Amino acid sequence: MSFLQVFLDGAASGAENMDRDASLLASHQPGDDPVLRLYRWEPAAVTIGYNQDFSSFDAAAIERAGYGLVKRPTGGRAILHAEELTYAVIGSSPGPVFGDSLHETYMKINQALLAFLADLGIAADISAGESREAARGLVCFHSAGRHEVSVAGRKIIGSAQRRTNGVFLQHGSILAGPRHQKLPTFLRQGTGGDSGELAAATTDLGELQGTPLNGSELDALAARLASAFARVLNLEMRLVRPG
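> Now, about the packing of helix H3 (residues 102-119) against helix H7 (residues 215-233): what can you tell me, with residues and values included?
Running from N to C, H3 and H7 cross one another at 130 degrees; their axes reach a closest spacing of 8 Å. What the angle tells us is that H3 and H7 run oblique. Every pair of crossing elements has a handedness; the one defined by H3 and H7 is right-handed. Listed contacts from H7 to Lys108, Ile109, Gln111, Ala112, Leu113, Ala115, Phe116 and Asp119 of H3 are Leu221, Arg224, Leu225, Ala228, Phe229, Arg231, Val232 and Leu233. Of the residues that constitute the contact of H3 with H7, the class distribution is eleven nonpolar, one polar and four charged.

> Hey, could you go over the sheet that holds strand S9 (residues 154-164) for me, with residue numbers and the actual values?
Strand pairs in the sheet, formed through backbone hydrogen bonds, run parallel or antiparallel to each other. Read across the open sheet, the eight strands follow the order S7-S8-S9-S10-S6-S2-S1-S11; overall the sheet is mixed. Both edges of this open sheet fall to strand S7 (125-126) and strand S11 (236-239), since each of them pairs with a single strand only. Both strand S1 (residues 3-12) and strand S2 (residues 35-41) contribute to a ladder of seven bridges, which runs parallel. When the bridges of S2 are listed, Val6 appears paired with Leu36. Against the sheet, H3 contacts strand S6 (84-92), S7, strand S8 (149-151), S9 and strand S10 (167-175), and its axis sits at roughly 145 degrees relative to S9.

> Residue-level account of the packing of aromatic side chains, with values.
According to the stated counting rule, one finds four aromatic pairs in the structure shown. Aromatic pair Phe98 and Phe168: ring centres 5.0 Å apart, planes at 80 degrees, arrangement edge-to-face. Here Phe168 lies in strand S10 and Phe98 lies in the loop between S6 and H3, a separation of 70 residues in the sequence. Judged by its relative accessible area of 0%, Phe168 is buried. Here the guanidinium or amino end of Arg37 rests over the ring plane of Tyr39, the centre of that ring lying 3.9 Å away.

> Residues and numbers for the side chain of Asp204, please.
Among the structural elements, Asp204 can be located in the loop between helix H5 (195-201) and helix H6 (205-209). Of the side chains bearing the opposite charge, Arg154 lies closest to the buried Asp204, which forms no salt bridge; the N-O distance is 6.5 Å. In terms of polar contacts, Asp204 uses its side chain to reach the backbone amide nitrogen of Gly206, at 3.0 Å.

> Residues and numbers for the nonpolar core, please.
Leu36, Tyr87, Leu113, Ile174, Leu205, Leu225 and Phe229 are the most contacted members of the largest nonpolar core, which totals 35 residues. Top element by residues in this core is H7. It accounts for nine residues. Not counting residues within four places of it along the chain, the set of residues in contact with Leu205 comprises Leu117, Leu120, Ile122, Ile156, Ile174, Leu175, Ala176, Leu213 and Leu221.

Calculation rules
Residues numbered from 1 in each chain as written. Predicted model: local features only at pLDDT ≥ 70, side-chain atom pairs only at ≥ 80, totals over all residues. Heavy atoms only, no water. Axes fitted to C-alpha atoms, helices over the stretch in contact; angles between N-to-C directions. Helix = DSSP H or I, 4+ residues; strand = E, 2+ residues; numbered from the N terminus. Parallel < 35°, antiparallel > 145°, perpendicular 65-115°, else oblique. Left-handed = near helix turned anticlockwise from the far one by under 90°. Contact = heavy atoms within 4.5 Å. Nonpolar A, V, L, I, M, F, W, Y, C, P; charged D, E, K, R; others polar. Pairing = 2+ DSSP bridges. Phe/Tyr/Trp six-rings, centres within 6.5 Å; stacked < 30°, edge-to-face > 60°. Buried < 20%, exposed > 50% of the residue type's maximum accessible area, 1.4 Å probe, protein only. Lys NZ or Arg CZ within 6 Å of the ring centre and 35° of its normal. Lys, Arg positive; Asp, Glu negative; His and termini not counted. Salt bridge = Lys/Arg side-chain N within 4 Å of Asp/Glu carboxyl O. Polar contact = N/O pair within 3.5 Å; in protein donor to acceptor, adjacent residues only side chain to side chain. Core = buried A, V, L, I, M, F, W, Y, C linked by side-chain atoms within 4.5 Å.

Put into structure tokens, the structure is as follows:
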């Protein structure tokens, strides 16, 4: 019998979070039970996609703000992880749980994300994609790419995936507050948009629910998200304790 192995890891630094996800991917073999890891970021951190260059970002300004700067093992564009709940799914594809293609894997995970949001009374949908010009930008949440989750046309979840040797890692940021909008202040001059554009293009759980969410409240939501994944994947959930 297969299980969904769930790690509710709370908060850690950017480097610790990315090292943990990379380690889970490296140790995963085709046919292993899928893994769901849910976590937060303390201190906040800027992550850049696997194919992005650190030279586009003002590392000194990021350090002065007290934030981390780290490259993700997945692709996609830059994110300031501050007020959010982050998920990482590690699984097999091709396979019976997540399907045989990148598209099928994204859509199966999206079913769980939509179910989670619906449990919170939030009606969301899947973006059809973005313009070629928008896709070349540095900032993830400036626009909603194909497979990403939006509410009334404003992006709330950004995701990226890496596939290797029959297994994959998919990261996703579920916005819970507005601090991600500060990311453009950490770009080199002339390399990105502004915070106002991010505010217009995105929404978050705090805005939609009418109240800010603190760390303990996000940790409680992590348990609800894990339940939504187990339900959609039709797997029994097995909580893995730290250490």
